[in-house]
Amino acid sequence: MNKPKTVLICGGAKSVFDDVEAAKNLFTPDGIIAINDVLAELPHVDYFVSMHPSKAPIWLKARRDKRYIDPKGFWTAKDKQQPRNLKFQTVPNTRGGSGLLAVYVARHLGYQKIILCGIPMTIEGAHFHNPKPWRECEIY
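If you're wondering where the values come from, they're calculated on a predicted model, not measured in any experiment.

Throughout the structure, instances matching the rule amount to 4 aromatic pairs. Plain terms: the ring middles of phenylalanine 48 and phenylalanine 88 are 6.4 Å apart, the flat faces sit at 65° to each other, and that makes the pair edge-to-face. Here phenylalanine 88 lies in the loop between strand 4 (73–77) and strand 5 (89–91) and phenylalanine 48 lies in strand 3 (residues 47–49), a separation of 40 residues in the sequence. The residues phenylalanine 48 and phenylalanine 88 share a single accessibility class, namely buried. Each residue in the set Phe48, Trp59, Phe74 and Phe88 is aromatic and connected to the rest through ring pairs, giving one cluster.

Put into structure tokens, the structure is as follows:
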């Protein structure tokens, strides 16, 4: 019997780095998916997912400035306009945030166990780069 593939999905909540460290202390993930701004912060990322693909070149440049290797795949929702200089693969729009989209991508990629790290689930779940409350939580 094959061992289920496990992925960490890393979002932008202020807890993301503590969450990743705690998860890696428990097991070694088979993959890591970065969402939005955290792309520039994690040394190893297998895939990038965002509902904001037009911002990806900025985050990717910051990543490259740190000499981190590019992810092997970029993903967004089908109906999102993509930057010309990056090739994104698409899945149907989940009508949720980038975190939910990343769960869909993870399932599409064949991961059976999905661990969320730094995915805000409350208004108080501020981002690591912005301490203001996450108001978008109200629409999801």
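Moving on, we come to the nonpolar core. What tends to happen in soluble globular proteins is that the nonpolar side chains get buried as a cluster. Counting 19 residues, the largest nonpolar core has Leu8, Cys10, Leu39 and Phe48 as the members making the most contacts within it. Elements supplying a minimum of two residues to this core: strand 1 (6–10), helix 1 (16–26), strand 2 (31–35) and helix 2 (56–65). Not counting residues up to four positions away in its chain, the partners in contact with cysteine 10 are Val16, Val20, Ile32, Ile33, Ala34, Ile35, Val38, Leu42, Cys117 and Ile119.

Basis of the calculations
Residues numbered from 1 in each chain as written. Predicted model: local features only at pLDDT ≥ 70, side-chain atom pairs only at ≥ 80, totals over all residues. Heavy atoms only, no water. Phe/Tyr/Trp six-rings, centres within 6.5 Å; stacked < 30°, edge-to-face > 60°. Helix = DSSP H or I, 4+ residues; strand = E, 2+ residues; numbered from the N terminus. Buried < 20%, exposed > 50% of the residue type's maximum accessible area, 1.4 Å probe, protein only. Core = buried A, V, L, I, M, F, W, Y, C linked by side-chain atoms within 4.5 Å. Contact = heavy atoms within 4.5 Å.

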